[in-house]
Amino acid sequence: MSTAQGIAAERVAELRRQLDYHNHRYYVLDDPEISDAEYDALLNELRDLEAGHPELLTADSPTQRVGAEPLDKFEQVRHLQPMLSLANARNEEELKAWVLRSERYLARQGVELGDVRFVTEPKIDGLAISLVYQNGLLVRGATRGNGEIGEDVTQNLRTIRAIPLRVEGAPPLLEVRGEVYIPLSAFARLNEERAAAGEPTYANPRNTAAGSIRQLDPQLAASRPLSIWCYGVGAVDGLEFDTHHEWLDWLRDHGFKVSREVGLHDTVDEVVAACKAWEERRDRLDFEIDGVVVKVDDLDLQRQLGVVGREPRGAIAWKFAPTTATTTLKQVLWNVGRTGHMVPAAVLEPVQVSGVTVKLATLHNEQDLRRKDVREGDEVIVMRAGDVIPQVISPTAKAQRAKDRGPVPEPPERCPACGTPTIKPDDGVWTICPNRTGCPGQVFQAVKHFVGAMDIDGLGEENVRRFLSEGLIESFADLYDLTVDRLTALDGFGEVSASNLVRSIEESKRQPFHLVLYALGIKGIGFVNARNLARRFRSMDALLAASESDLTDVEGMGEIMARTVHETLSEERTRALIERLRGYGLRMEEEGAAPPAEGPLAGKTLVLTGTLPNLTREEATRRIEAAGGKVTASVSKRTDYLVAGEDPGSKYTKAQELGTEVLDEDGLLAMLPDEAAPAAEAPPRRR
Ligand code: IVH
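Source: prediction; values computed, not measured.

Participant: Which residues make up the packing of aromatic side chains, and what are the values?
Facilitator: Per the counting criterion, the structure on display carries 13 aromatic pairs. Where tyrosine 133 meets phenylalanine 256, the ring centres are 5.4 Å apart and the plane angle is 85°; that geometry is what we call edge-to-face. Placement of tyrosine 133 in strand S4 (residues 127-134) and of phenylalanine 256 in the loop between helix H8 (244-253) and strand S9 (263-265) is noted, with a sequence separation of 123 residues between them. Each member of the pair, tyrosine 133 as well as phenylalanine 256, carries the same accessibility label: buried. Ring pairing ties together the aromatic residues Phe450, Phe476, Tyr480 and Tyr584, which thus form one cluster. The ring of tryptophan 278 carries the charged tip of arginine 281 above its face, separated from the ring centre by 4.9 Å.

Pasting the structure below:
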């Protein structure tokens, strides 16, 4: 080997090591140390070196995640060990019965029971996959299929950056099992982007993840925000542990994305409490879970318990209360949405779903309606999760529907709210009402959205409708002109209710800038984009001055969405509206938005690093901000505290160099006011 070659080989190895490290920090730990631009610079340097020295190219190089040609079809592969399924426990009794059964079974085998310990893990609602590593290299990734034979989807799984292509210190054979999913925030972004581009949106993250993995062209999988949670191993040769939790620790330590919130319990009561705690937190997570998996920790006991049918006796899934029910779709009604789109709603035969009677559900949009092929008279599945609007998921049995059942309802030719003939702009897929300023339906939806986004308490749909029809307001900006006198002139408004409403409208002026931006209801600026735009531009003025290409720099903003947003922000009408709101004193700058200048952390700047044992990053940020503090990305002389969790990385070293005070989670919590149920930041719920 020439010296030049030797130097190139060394640099290639160093770049790969660095890129793997930063990839892990970003995609697995969610705690990047370098900017995207710095990462790209390293990747480009590696690409150039590999191009100049093709002999150095290897399949596990970070440059080789996407690149394979589209396939004609997927090969079938036999799993090294069958991929089983889980029995379900629907409540505490069933879970306790399972524990008793397991103990009795073990006793009959002559096993001394001693202390049986249990592990609890979130049951991720995604797509089960198997990853096979030989001598530390990812050689095969497959779907579950029928449990014995799955499909070889290696090309697509390689594009998932949370999946290591190479594992240092791995045994000769290692099969890792996990669940591929799309984070909810990324899913929302994907749909916002698609809606802005006039493309049909996806129905749910689970099917989108599964569909993405089954694409023959790996470029498609690469373009979807897929991730993975790993939860165990299959076939292994050359490494052994006594317990399941040790395996999970090993996987985590070797670069796999494994939940840090795995519980280890000595009693069944502890297990039940852990399951209930997950159920309670369920709506605040950034991924969907449909239950909790409870596993016997001791692997020897698991083996002795064996398998019955396709289900191991040593594990069970605690399933959450069903959020779906079946009922009849009586009729599809069309409304107009706040951006003029025709929106279908389902009138249902009333049905109980998770404790509430549901009569009306959303069918999202016309594309979704067509894709689901829902007809009036169909039996349909309805879902209601958390406090979001119930939705129709699909018909139960299309094949059995009567032949004379009409076609999928078409959007109306005239706007149901204002009678204006509807149009399909640019031959697109959406039918809209073009009467943007004069359509009472659009105005109503816009005010309703504004009230929800700004969290104006005590202003329900009925009153919004009334204020509009009685001419008290014509747009949401008019809300800020309401006075007690004007309200008490209306039937049904007394002094007290009127002054309460005026007060909560007044209080909404304190909402942070990103909510003001979201509340404007601009096409393409949903909650997630509003946050990202506010983070990037910090103020309305900077946002209004931004060019279309400045906008595409913002995470989640594609070109088409950037164009729509830019066009709308440039319109005279939008600008006038913004100026009016500014005049009323609404916040037009992100900084200073969060802190009440009081609060125990007022004036303090904190940096978060590593994984905290209990709080997610969003929760920690929100609570620090609520206590008056500011969270920034990197440690500097201006940093007051570094809050460090596990695997803290270079920010920790920097803090030590600068002598910055370091807190752990308990230290942080001690500085924060008590909060009964910390909620991760989520878009305000619709009313
Ligand atoms: S353990 C014996 N752990 O649930 C099966 N499965 O109904 C071993 N799943 O096909 C599975 N999260 O796709 C296990 N933490 C978790 C899981 C999990 C989701 C899925 C998995 C499996 C299905 C079983």
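Structure shown, so let's carry the discussion forward.
Participant: I'd like a rundown of the packing of helix H1 (residues 3-28) against helix H2 (residues 36-52), residues and numbers included.
Facilitator: It is the contact of H1 with H2, at a shortest axis distance of 10 Å, that shows an interaxial angle of 150°. Between H1 and H2 lies a crossing whose hand is left-handed. For the pair formed by H1 and H2, the contact residues are Ala8, Arg11, Val12, Leu15, Arg16, Gln18, Leu19, His22, Asn23 and Tyr26 on the first element and Asp36, Tyr39, Leu42, Leu43, Glu45, Leu46, Leu49 and Glu50 on the second. Residues that form the contact of H1 with H2 fall into these classes: 10 nonpolar, 3 polar and 5 charged.

Participant: Can you tell me about helix H12 (residues 440-453), naming the residues and giving the values?
Facilitator: Along its 14 residues, H12 runs 20 Å from first to last C-alpha, staying within 8% of the 20 Å computed at 1.5 Å per residue. With 11 of its 14 residues buried, H12 lies for the most part within the structure. Buried residues of H12: Gly441, Gln442, Val443, Phe444, Ala446, Val447, His449, Phe450, Val451, Gly452 and Ala453, and no others. Backbone geometry just downstream of H12 places aspartate 455 in the positive-phi region, at approximately 55°.

Participant: Outline the confidence of the model for the protein chain, supporting the account with residue identities and numerical values.
Facilitator: Here the protein chain shows a mean pLDDT of 89. Residues at 70 or above account for 95%. Confidence drops under pLDDT 50 across residues 676-687; counting only partners more than four residues distant or on other chains, this segment forms 33 contacts.

Participant: Run through the nonpolar core, naming residues and quoting values.
Facilitator: If you look at the biggest cluster of nonpolar residues, it comprises 57 residues, and the most contacted ones within it are Ile456, Phe467 and Leu479. Going through the elements one at a time, H12, helix H13 (461-469), helix H15 (495-507), helix H16 (513-519), helix H17 (527-537), helix H18 (540-545), helix H20 (559-570) and helix H21 (572-584) are the ones with two or more residues in this core. With 7 residues, the top contributor of residues to this core is H12.

Participant: Tell me about H21, residues and numbers included.
Facilitator: Between its first and last C-alpha atoms H21 spans 19 Å; for 13 residues at 1.5 Å apiece the expected length is 18 Å, and the two agree. Along H21, the residues classified as buried are Thr574, Ile578, Leu581 and Tyr584. Considered in projection along H21, the buried side chains sweep an arc of 115° and stay on one side of the axis. In H21, the exposed residues that point more than 90 degrees away from the buried face are Glu572 and Gly583.

Participant: I'd like a rundown of the sheet that holds S9, residues and numbers included.
Facilitator: An order of S2-S13-S10-S3-S9 is seen for the 5 strands of this open sheet, with the pairing classed as mixed. Of all the strands in the sheet, just strand S2 (88-89) and S9 have a single pairing partner and so form its edges. When S2 meets strand S13 (residues 315-319), the two strands line up parallel, connected through 2 bridges. When the sheet's bridge partners are listed, alanine 89 is paired in S13 with tryptophan 318. Across the sheet, helix H3 (residues 92-108) is in contact with S2, strand S3 (118-124), strand S10 (289-296) and S13; its angle to S13 comes to roughly 175°. Packed on one face of the sheet, helix H9 (residues 268-281) meets S3, S9, S10 and S13 and runs near 160° to S10.

Participant: Tell me about the sheet that holds strand S5 (residues 137-143), residues and numbers included.
Facilitator: Taken together, the 4 strands give an open sheet; going across it, the order is S5-S4-S7-S8, and neighbouring strands pair in antiparallel fashion. In this open sheet, the two edge strands, each paired with only one partner strand, are S5 and strand S8 (227-237). Ignoring which end each strand starts from, the neighbouring axes of this sheet average 25° apart. In this structure, S4 lies alongside S5, joined through 6 bridges in antiparallel fashion. Across the sheet, the residue bridging to valine 132 is arginine 140, located in S5. In the packing of helix H6 (residues 205-213) onto the sheet, contacts are made with S4, S5 and strand S7 (173-181), and the angle to S7 comes to roughly 130°. Contacts between H8 and the sheet are confined to S7 and S8, with S8 contributing the most and set at about 115° to the helix.

Participant: Can you explain the side chain of threonine 159? Please cite residues and give values.
Facilitator: Along the chain, threonine 159 falls in the loop between helix H4 (154-157) and S7. Of the residues examined, threonine 159 reaches a relative accessible area of 9% and is grouped as buried. A distance of 2.6 Å separates a polar side-chain atom of threonine 159 from the backbone oxygen of asparagine 156.

Participant: So what's going on with the environment of valine 292? Which residues, and what values?
Facilitator: Within the secondary structure layout, valine 292 lies in strand S10. Under the relative-accessibility criterion, valine 292 is labelled buried at 0%. Sequence-wise, valine 292 and arginine 436 are 144 residues apart; in three dimensions their C-alpha atoms are separated by 47 Å. Those residues in contact with valine 292, other than ones at most four positions away along the chain, are Thr120, Glu121, Lys123, Cys275, Trp278, Ile316, Ala317, Trp318 and Phe320.

Participant: Lay out the site of the ligand with the relevant residues and their values.
Facilitator: Around the ligand sit 14 residues, and of these Glu121, Ile124, Ala128, Glu179 and Lys295 come closest. Taking glutamate 121, its side chain carries an N or O atom lying 2.8 Å from a nitrogen atom of the ligand. A distance of 3.4 Å is found between an oxygen atom of the ligand and a side-chain nitrogen or oxygen belonging to lysine 123. With respect to the detected pockets, the ligand is housed in the second largest pocket.

Participant: I'd like a rundown of a negative patch on the surface, residues and numbers included.
Facilitator: Taken together, the side chains of Glu240, Asp242, Glu246 and Asp298 present a region of like negative charge at the surface. Looking at the secondary structure, you find glutamate 240 in the loop between S8 and H8.

Participant: So what about the pairing of S10? Which residues, and what values?
Facilitator: Burial analysis of S10 places 8 of its 8 residues in the buried class, the great majority of the element. Here S3 pairs with S10 via 7 bridges, running antiparallel. Across the sheet, the residue bridging to isoleucine 124 is isoleucine 289, located in S10. Of the pairings in the sheet, the one linking S10 to S13 comprises 5 bridges and is antiparallel in character. The residue of S13 that forms the bridge with valine 293 is alanine 317.

Reading guide: rules and limits
- For every chain, the first residue of the written sequence is number 1, and numbering continues from 1 onward in sequence order.
- With pLDDT at 70 or above as the cut-off, local features in this predicted model cover only qualifying residues; side-chain atom pairs require 80 or more to be listed or tallied, and sums for whole chains, interfaces and linings still use all residues.
- For the side-chain quantities, the full set of heavy atoms in the structure was used; hydrogens and water were omitted.
- When two rings of Phe, Tyr or Trp (its six-membered ring) have centres within 6.5 Å they constitute a pair, described as stacked for plane angles under 30 degrees, edge-to-face for angles over 60, and tilted for the intermediate range.
- Secondary structure elements follow DSSP: runs of H or I of four or more residues count as helices, runs of E of two or more count as strands, with numbering from the N terminus.
- Only protein chains enter the area calculation, which uses a 1.4 Å probe; residues under 20% of their type maximum are buried, those over 50% are exposed, and those in between are partly exposed.
- We call a charge positioned above a ring when the Lys NZ or Arg CZ atom is no farther than 6 Å from the ring centre and deviates by at most 35 degrees from the ring normal.
- Between the N-to-C directions of two axes lies an angle of 0 to 180 degrees, each axis being a line fitted to C-alpha atoms and, for a helix, fitted only over the stretch in contact.
- The crossing is said to be left-handed when, going from far helix to near helix, the turn is anticlockwise and less than a right angle, and right-handed when the turn is clockwise.
- Two residues form a contact once any of their heavy atoms are found within 4.5 Å.
- Basically, the charged four are Asp, Glu, Lys and Arg, the nonpolar ten are Ala, Val, Leu, Ile, Met, Phe, Trp, Tyr, Cys and Pro, and anything else, Gly included, counts as polar.
- A helix is expected to span 1.5 Å for every residue after the first.
- A score from 0 to 100, pLDDT tells how confident the predictor is in each residue.
- Nonpolar cores are built from buried Ala, Val, Leu, Ile, Met, Phe, Trp, Tyr and Cys residues. Side-chain atoms within 4.5 Å join them into one set.
- In this context, the arc is that of the directions from the helix axis out to the C-beta atoms.
- Pairing between strands is defined by DSSP: at least two bridges between the two strands are required.
- Two N or O atoms count as a polar contact when they lie within 3.5 Å, although within protein this holds only if one can serve as hydrogen donor and the other as acceptor, and sequence-adjacent residues are included solely when both atoms are side-chain atoms.
- Being near a molecule or strand, for a residue, means having at least one of its heavy atoms within 4 Å of it.
- Buried and open spaces are told apart on a 1 Å grid over the protein atoms alone, a cavity being a set of points where a 1.4 Å probe fits but cannot get out and a pocket being an open set with protein on both sides within 12 Å along at least five of seven lines. Residues with an atom within 4 Å of a point are the lining residues.
- What decides whether a molecule sits in a cavity or pocket is whether more than half of its atoms lie within 2 Å of the grid points.
- Patch membership requires more than 30% relative accessible area and the absence of a salt bridge. Residues of like charge join within 9 Å; the nonpolar side chains Val, Leu, Ile, Met, Phe, Trp and Tyr join within 5 Å.
- Computed by Shrake-Rupley with a 1.4 Å probe, the accessible areas treat only the displayed protein chains as cover when residues are assessed.
- Salt bridges are identified by distance alone: a Lys or Arg side-chain nitrogen within 4 Å of an Asp or Glu carboxyl oxygen.
- We treat Lys and Arg as the positive residues and Asp and Glu as the negative residues; His and chain ends play no part in the count.
- In plain terms, the charge of a residue is placed at NZ if it is Lys, CZ if Arg, CG if Asp and CD if Glu.

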